[in-house]
Amino acid sequence: MIRIVKLNAKRALGLSWSKAVSQVLILSGISLMFILIGFLTFGMLSFDVIFKTAIMPTGSSIAALGIIAAVFFVVISPLVLGIKQWYYTLSLNGIGEDISFCFYPFSNPHIALKCINLSLLLAFKKLLVYTSFSIIPVVMKYYSHRFLQDAQTLEERFLAVNSIICSTLLLFLSLVFALIYCLRYFSVPYAFMENGYKGIKDAFRLSKQATEGYKGSLLLFTLSMAIHYLLCLCPLTALYSYPYLQSAKAIYSRFLLESLKMKRQERDVKEQEKI
């Protein structure tokens, strides 16, 4: 299944690589612009012009960075969802729409606001999951280090070191379980688009139902794509990795959502036959 998805992802891009690369350049350009604005703003507010020396970050400089980050999130959230929709359409027929299609969420303020709300809610849910799973191992690890610092005998140091090792392993396992749990949100953006940018709660519900029974496959798919997630951090390698990654995710999500529709249709047919 994973191999088929990856193969179809490359086939779907086909003659649309230039459009996909253009999207990466647009995202990179906007991100770079906000980074430069934030860097210059922080530098100006944290630099003593009279004495030409750097000073400690002030409340105004931190507030300015917060405002810039908020504006960046407001701008980038609808754009990212618009790009995902472009790939989702591409996964249907292999025909890439015009680049302007990515800016569709900005055509309606109501849609743009819903995209921002969806991104916020999705980020909050994932953060809550990872925090809930990792809080106990992190606390154990903290107190284990404190115990090691205060240890006076060899036995106490041995116990402290073993506690640190166990808490580290537990933290790793908790992050893996958190990742598996968060896979229920894999198709949320695509379910949101499938529903015509309506019903954020319905998008989460559909994604949860569509990913049931596919957690193991989705985990393997995510791990197999780990190198491409890392390559997306570099602007040069992102020109290939980002389109390939988004195309594969769109194809997998379409498969999950279409499978859910077929299951519902089969269930409805069986219910009608009983009647």
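Our subject is the structure listed above.
Note on numbering: residues in each chain are counted from 1, in written sequence order. Selection of residues for local features in this predicted model requires a pLDDT of at least 70, selection of side-chain atom pairs for listing and counting requires 80 or more, and totals for whole chains, interfaces and linings are taken over all residues. Here the side-chain values reflect all heavy atoms present in the structure, with hydrogen atoms and water set aside.

Enquirer: I would appreciate a short explanation of the layout of surface pockets in the present structure.
Expert: Over the atoms, a rolling probe the size of a water molecule traces out where space has been left empty. Cavities and pockets are defined on a 1 Å grid built over the protein atoms alone: a cavity is a set of grid points where a 1.4 Å probe fits but cannot escape, while a pocket is an open set with protein on both sides within 12 Å along at least five of seven lines, and lining residues are those with an atom within 4 Å of any such point. Grid points are joined across faces, edges and corners, and a volume is the space filled by probe spheres set on the points. In this structure, the largest pocket spans a volume of roughly 1300 Å³. As for the largest pocket, its lining consists of 36 residues, and the residues nearest its centre are Val80, Lys84, Tyr229, Gln246 and Lys249. A helix here means a DSSP run of H or I that spans at least four residues, while a strand means a run of E at least two residues long, and both kinds are numbered starting from the N terminus. Taken together, the elements giving at least two residues each to the lining of the largest pocket come down to helix H2 (17-45), helix H3 (59-93), helix H4 (109-150), helix H5 (154-182), helix H6 (188-194) and helix H10 (235-274). When residues of the lining of the largest pocket are assigned to their parent elements, the largest contribution, seven residues, is made by H3. In terms of residue class, the lining of the largest pocket is made up of 27 nonpolar, six polar and three charged. Residues were grouped as follows: Ala, Val, Leu, Ile, Met, Phe, Trp, Tyr, Cys and Pro as nonpolar; Asp, Glu, Lys and Arg as charged; and all remaining residues, including Gly, as polar.

Enquirer: What is the right way to look at the side chain of glutamine 85 in this model?
Expert: Along the chain, glutamine 85 turns up in helix H3. For this analysis, residues touch if any pair of their heavy atoms sits within 4.5 Å. Non-local contacts of glutamine 85, meaning those with residues more than four positions away in its chain, are made with Phe101, Tyr104, Met193 and Tyr197.

Enquirer: When you look at the pattern of salt bridges in this model, what are you seeing that I'm missing?
Expert: Two side chains carrying opposite charge are able to pair once their charged atoms lie near each other. Each salt bridge in this description consists of a side-chain nitrogen of Lys or Arg and a carboxyl oxygen of Asp or Glu lying within 4 Å of one another. Taken as a whole, this structure holds three salt bridges when the rule is applied. Residues glutamate 194 and lysine 261 are paired through a salt bridge, measuring 2.8 Å at the closest nitrogen-oxygen approach. With glutamate 194 in helix H6 and lysine 261 in helix H10, this residue pair connects regions lying 67 residues apart in the sequence. For glutamate 194, a relative accessible area of 34% translates into the label partly exposed. Between lysine 261 and glutamate 258 there is a salt bridge, and its shortest N-O distance comes to 4.0 Å. In this pair, lysine 261 and glutamate 258 both sit in helix H10, three residues apart, roughly one turn of the helix. Any residue under 20% of the maximum accessible area for its type is buried, any over 50% is exposed, and the rest in between are partly exposed; the area is computed with a 1.4 Å probe on protein chains only. With relative accessibility at 36%, the residue lysine 261 sits in the partly exposed group. The partly exposed category is assigned to glutamate 258, whose relative accessible area is 31%. When salt bridges that share partners are traced, they join Glu194, Glu258 and Lys261 into one network.

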